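Reading the structure
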Amino acid sequence: MLRHLRSSPRWLAWLLLGAGVAGLLLPWLLAPIIGDERYHYVAAPTRMDGSLLNVFMWTINDIGPRMAHGRIAPVGVFAQQVGYLLGMQLAFATGIPLALAHGIIKAVLLLSIVASFALLLGVVRRRDGERLDRGLRRRTLLVFTALLVLGVTATSPVRNGWTAYIVLCIGGVALLLVAGAVSAWALRLSTRTGAPGRLGTALVLFVLGATIMLSYEMHWAAVPFAIVLLAFTDTSAWKHRIILIVSISAGWLTAFVWTRLLLANASGVNYSGTRLDLGSPVLRTATLQVLNAIPGSGVRNATRTVGEGLPVPAPFQGAGWLWGLLTALGFALLLARPRTRTTEPTAPDRVTLMVLGAGLIASAGAVALVTSVSAQSHDIVSSFGDTYRGTAWIWACLAGAGATALVGITGGRRTTGLVIVAPVALAAILVGVLVWPTTVSAIQTIRAVDQYALWETAQAQLVSGASEPMAEARRCELAAQARTWAKGAYFGKFLPFHEEAFARQWQRPWCPSDVAGTR
């Protein structure tokens, strides 16, 4: 039977793998929009007057108000606002729920991580100057993608880099890998050009370092990853390596000093998310963040917090076991095919894969530390299973390190099935059987909360723009509800943002006076 499976059409393996991955990711893709992003999507068309060309100036004007939160991150803010505007425009153009548009953006960001990792594997050079073996690159990418997907979790949907601030938290991983690829390219180019070329590569890395610093605090962990690649890959002389390491570090440091000086002169900075607390909880919080990025760590929390009237999740509940099985089978078929096998990795291959893995582990540790020095993080990440904004980054780095380790120590026909296929396939089945039901339960629980139900109803009304009397009456009812609970500066923005966006898109008021009566 195994011989028949190995000789099965290649498209069958991809079909099984694709169906399994889609099934495993579906609850995450359809999860509700969380936190501030509920506001930013709705506000984006009005803020940008419906045009991407206006995002740049809006971002510049936003630097001042954002300094009150102790943060200057225009690169990250720009990327976020582009995502919010495109997501809202997609929902308006197609009529799909805003949460689905949000899910499509998640899928695009996840694919960008895979594409960036493929780019990195293709650009990085071994210590003998050659590329990694093509077959090894394909295998490493496949293993990385499988592990990456298995770590996508929504068992704690609210404080989670997989579900909140997705452009920064998921897209940031792509930035990490692209930064590594650009650094590897610059190192390669600096040894093959004259002084003007070396100056150009140094300037590129200086700008890259500054861009990373101005993106988001968590993204700073891309710098140590780039430094590891600059130091231990390719055949370049140490003088070229040092120049580029100094360049990217100087770019980051220059931007850091400039922003700290601006923030030092700012008044009213008071936000727990950026207020430092370097006491004893830092190491404990960082350790928990690494552990809580591992698939399944949030199962206990999701089981304990099931919404009233909802079933308690249990193994094999729902179709998760089927998706896990299909993923495992498709992955095994692809790795077992003769065309997928490669020769035993050479010593330079192993060293380069080891360097990649070490750099990713260093980056994961850096993110865990960076996101554990704020007072807010100590309150949020207080026990096993508590996710935070660095969860996606940490798991992606661990998945990359795992893939390079698995592929680096295998290569022959006999070891492939045992060392690569078995653990990944087993992990896929366990995620489907144990994690998937709790993910579905956690999302059902949060959707049952009155506040989230109200938000998604308002989003549906905004996207549809229905003019029927019943729809108008429903919007007036939502407005009345919002006035009773939307108190304070944060929740008070709910109704104005929806009213402005509705009026701009449909040229009608959210709640017409002839329906609402006296307002």
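Residues numbered from 1 in each chain as written. Predicted model: local features only at pLDDT ≥ 70, side-chain atom pairs only at ≥ 80, totals over all residues. Heavy atoms only, no water.

A word on unusual backbone geometry
- Non-glycine residue Y165 carries a positive phi angle of around 50°.
- Topologically, Y165 is positioned in the loop between helix 7 (134–151) and helix 8 (166–169).
- A relative accessible area of 17% places Y165 in the buried class.
- Despite not being glycine, D234 has its phi angle at roughly 70°, a positive value.
- In this structure, D234 sits in the loop between helix 11 (222–232) and helix 12 (238–264).
- On the accessibility criterion, D234 (1% relative accessible area) is buried. (Helix = DSSP H or I, 4+ residues; strand = E, 2+ residues; numbered from the N terminus. Buried < 20%, exposed > 50% of the residue type's maximum accessible area, 1.4 Å probe, protein only.)

Let's talk about the pattern of salt bridges
- Under the criterion given, the structure shown has eight salt bridges.
- Note that R126 is salt-bridged to D349, the shortest N-O span being 3.0 Å. Here R126, found in the loop between helix 6 (98–123) and helix 7, pairs with D349, found in helix 16 (residues 347–370); they are 223 residues apart in sequence, far enough to count as distant. Side by side, R126 and D349 carry an identical accessibility label, which is buried.
- Note that R188 and D234 form a salt bridge whose closest N and O atoms lie 3.6 Å from each other. One end of the pair, R188, is in helix 9 (residues 171–190); the other, D234, is in the loop between helix 11 and helix 12, and 46 residues separate them in sequence. (Salt bridge = Lys/Arg side-chain N within 4 Å of Asp/Glu carboxyl O.)

As for the packing of helix 2 (residues 10–29) against helix 7
- In contact at an axis separation of 10 Å, helix 2 and helix 7 are set at 25° when each is read in the N-to-C sense. Our classification of the angle between helix 2 and helix 7 gives roughly parallel. Every residue of helix 7 that contacts helix 2 at W14, L17, V21, L24 and L25 is listed here: L142, V149 and L150. (Axes fitted to C-alpha atoms, helices over the stretch in contact; angles between N-to-C directions. Parallel < 35°, antiparallel > 145°, perpendicular 65-115°, else oblique. Contact = heavy atoms within 4.5 Å.)

Here's the deal with the nonpolar core
- In this structure, W28, I113, V143, W162, F331, W393 and W510 are the most contacted members of the largest nonpolar core, which totals 135 residues.
- Here V143 is in contact with F331, A403, L406, V407, I420 and V424, once residues within four sequence places are set aside.
- One finds L150, A328, A425 and V435 within the second-largest nonpolar core, a separate group that totals eight residues. (Core = buried A, V, L, I, M, F, W, Y, C linked by side-chain atoms within 4.5 Å.)

Comments concerning the state of the cysteines
- Counted according to the given criterion, the structure contains one disulfide.
- Note that C476 is cross-linked by a disulfide to C511, the S-S spacing being 1.9 Å. Negative torsions about the S-S bond denote left-handed disulfides, and the value of about 105° found for C476 with C511 makes this one right-handed. Taken together, the positions of C476 in helix 21 (residues 469–485) and C511 in the loop between helix 23 (494–506) and helix 24 (513–516) put the pair 35 residues apart, joining distant regions of the chain. (Disulfide = S-S within 2.5 Å.)

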